[in-house]
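Here are the chains, one letter per residue:
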Amino acid sequence: MRTRTAALALLLAAVTGVTLWRLPAMDGPPTQPPVAAGPVTPALPSLQPLGATARVDAVALTPSASLPSPSSALEEVETGDTEPVQDKVLPRRSAGHAAGLHKTVDPLRLASSAAMVIDARTRQVLFAKNQEAVLPMASITKLMTGLVIAESGLPLDATLAITEDDVDNELHSRSRLRVGTVLTRGQALQLALMSSENRAAHALGRTWPQGMVAFVAAMNAKATQLGMTNTSYVDPTGLSRGNRSSARDLSVLAVAASRHELLREYSTSAQHRLQAEPRDLLYNNSNRLVRNGGWDISLQKTGYIIEAGHCMVLRTRIAGRDLALVLLDAGDAGARSADAERIRRWIEPGWEPPKPQARSKAKAKAKAARGAGRAAGERQRVRKTFN
């Protein structure tokens, strides 16, 4: 009877694409290996394994052992991921929705078509949904852009200029970096990671010593080195649907990228002020979990194009556990954040996001700071006028 139950459970897991692991104990070796789970009535937070246990090869999530371990006027930049103008005139479905992956039933009732949560230390998989599905990843691409730059040794204080070549003439995505804007490589990297600035990311690839083609080749070579077998890159921005990966591969990338302090710092910056002409630009983080607080996030990246849906990669600490979390193809930014919160409640029962009142106070404080900056800039302008 137990053998027949186990076989049925594994068959259901293969059909639905959802697997569920029991959380490991805080101390000591990991608990029982993963358990296949079929479609069940969604219930939170108690999730019980079904059927017999089945071992999942965690080696696929681990890089090869041979690899090394790793004052002026101010304009505020709107937060959010890439939102091409074509979205309003040419509605399409994401690749995940077109394939019906969003119909997969999972116990957490996630809106994302694919998801994965792993223990970043042990590589044990805690939750997986369509984790092998290869989908467009949008601006999650910029994590690999950042990893290649961080490991290149190129000087971050070297200056580069935004040119016409960096303008997106296909999807017409928004950017506040005007042609002719000069910034350092480090600033371009920070804007690409924290605020998903496409012209900054493109400029990083364009100014690679051997050129853009060589930069994209370096991105793919790094993916191969990390064992990301279902990943391919065609540009450093993520604007192309040709940038494709799986939730499993992106969990590997999250762990590898988070080894670099620079990428951790830049991706989780709440704000960055860029001195530019004719006015300074204040960039905000594109991830509302970073902006709203209440999370211990050491690395993050969000992404969106129509074909990819709304995506997110996090390395975060929940209930004392160091986790890598991947969400692909959520319906909107709110659903993406809600999925992360559902996962957190499952791992940390009783947790609730910061109250709106606390967030409002933080926003009011930030607004007051911006007002003070504008006032200071106006006083400086007046002094220049009369001196």
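See the structure printed just above.
Residues numbered from 1 in each chain as written. Predicted model: local features only at pLDDT ≥ 70, side-chain atom pairs only at ≥ 80, totals over all residues. Heavy atoms only, no water.

Enquirer: Tell me what's going on with the overall build of the chain, and back it up with residues and numbers.
Expert: For the chain, the helix and strand inventory stands at 11 helices and 14 strands. Buried positions account for 49% of the 387 residues belonging to the chain. Summing over all exposed atoms, the chain offers an accessible surface of approximately 17,600 Å²; the carbon and sulfur share of this is 53%. (Helix = DSSP H or I, 4+ residues; strand = E, 2+ residues; numbered from the N terminus. Buried < 20%, exposed > 50% of the residue type's maximum accessible area, 1.4 Å probe, protein only. Areas by Shrake-Rupley, 256 points an atom, 1.4 Å probe, with all protein chains shown as cover.)

Enquirer: Describe the nonpolar core, naming the residues involved and giving the relevant values.
Expert: By size, the foremost hydrophobic cluster in this structure holds 59 residues, and its most contacted members are Met 144 and Leu 253. The leading source of residues in this core is helix H7 (residues 247-257), at eight residues. In this structure Leu 253 touches Leu 143, Met 144, Leu 147, Leu 226, Met 228 and Tyr 233, once residues within four positions along its chain are discounted. Counting 21 residues, the second-largest nonpolar core is a separate cluster that includes Trp 295, Ile 297, Leu 323 and Trp 346. (Core = buried A, V, L, I, M, F, W, Y, C linked by side-chain atoms within 4.5 Å. Contact = heavy atoms within 4.5 Å.)

Enquirer: Give me the packing of helix H3 (residues 141-152) against helix H5 (residues 198-206): which residues, what numbers.
Expert: Axis separation between H3 and H5 bottoms out at 11 Å; the angle between their running directions is 40 degrees. What the angle tells us is that H3 and H5 run oblique. Here H3 and H5 pass one another in a crossing that is left-handed. For the pair H3 and H5, the contacting residues are Lys 142, Thr 145 and Ile 149 in the first and Asn 198, Ala 201 and Leu 204 in the second. Counted by class, the contact of H3 with H5 contains three nonpolar, two polar and one charged residues. (Axes fitted to C-alpha atoms, helices over the stretch in contact; angles between N-to-C directions. Parallel < 35°, antiparallel > 145°, perpendicular 65-115°, else oblique. Left-handed = near helix turned anticlockwise from the far one by under 90°. Nonpolar A, V, L, I, M, F, W, Y, C, P; charged D, E, K, R; others polar.)

Enquirer: I'd love a proper account of the packing of H3 against helix H6 (residues 212-225), names of residues and values included.
Expert: Orientation of H3 relative to H6, taken along the N-to-C sense of each, is 95 degrees, at an axis distance of 10 Å. Our classification of the angle between H3 and H6 gives roughly perpendicular. Judged by residue contacts, Thr 141, Met 144, Thr 145, Leu 147, Val 148, Ile 149 and Glu 151 of H3 engage Phe 215, Ala 218, Met 219, Lys 222 and Ala 223 from H6. Residues that form the contact of H3 with H6 fall into these classes: eight nonpolar, two polar and two charged.

Enquirer: Give a description of the environment of Leu 250 that names residues and reports values.
Expert: Following the sequence through the fold, Leu 250 ends up in helix H7. Under the relative-accessibility criterion, Leu 250 is labelled buried at 0%. Each C-alpha atom of the pair Leu 250 and Leu 325 lies 8.9 Å from the other, and the pair is 75 residues apart in sequence. Those residues in contact with Leu 250 that sit more than four places away from it in its chain are Met 137, Ile 140, Ser 245, Val 313, Val 326 and Leu 328.

Enquirer: Quick rundown of the packing of aromatic side chains? Include the residues and the values.
Expert: Taken as a whole and judged by the stated rule, the model has three aromatic pairs. Considering the side-chain rings of Trp 295 and Trp 351, the 5.6 Å spacing of their centres and the 75 degrees angle between planes classify their relative orientation as edge-to-face. Placement of the pair is Trp 295 in the loop between helix H9 (288-292) and strand E12 (296-305) and Trp 351 in the loop between helix H10 (333-347) and helix H11 (356-386), with a sequence separation of 56 residues. Comparing Trp 295 with Trp 351 shows no difference in burial state: the two are buried. Over the aromatic face of Trp 295 sits the side chain of Arg 344, whose NZ or CZ is 4.9 Å from the ring centroid. (Phe/Tyr/Trp six-rings, centres within 6.5 Å; stacked < 30°, edge-to-face > 60°. Lys NZ or Arg CZ within 6 Å of the ring centre and 35° of its normal.)

Enquirer: Tell me about the pattern of salt bridges, and name the residues and values.
Expert: Evaluation of the coordinates by the stated rule reveals nine salt bridges. A salt bridge links Asp 106 to Lys 129, with the nearest nitrogen and oxygen atoms 2.9 Å apart. Taken together, the residues span a long stretch of sequence, with Asp 106 in the loop between helix H2 (95-98) and strand E4 (114-119) and Lys 129 in strand E5 (residues 125-129) at a distance of 23 residues. For the residue pair Asp 106 and Lys 129, the accessibility class agrees, reading buried in each case. (Salt bridge = Lys/Arg side-chain N within 4 Å of Asp/Glu carboxyl O.)

Enquirer: Which residues make up the pairing of strand E11 (residues 280-284), and what values go with them?
Expert: Most of E11 is tucked away, with five of its five residues classed as buried. The alternating pattern of E11 places Asp 280, Leu 282 and Asn 284 and Leu 281 and Tyr 283 on opposite faces, both of which are buried. Bridging between strand E10 (residues 271-274) and E11 involves four bridges; their strand directions are antiparallel. Bridge pairing in E11 links Arg 273 to Leu 282. Hairpin connection from E10 to E11: five residues lie between these consecutive antiparallel strands. (Pairing = 2+ DSSP bridges.)

Enquirer: Requested: an account of the side chain of Lys 222, with residues and values cited.
Expert: Note on placement: Lys 222 falls in helix H6. Exposure remark for Lys 222: the relative accessible area of 14% places this residue in the buried category. Beyond its immediate chain neighbours, meaning those up to four positions away, Lys 222 contacts Met 144, Leu 147 and Glu 151.

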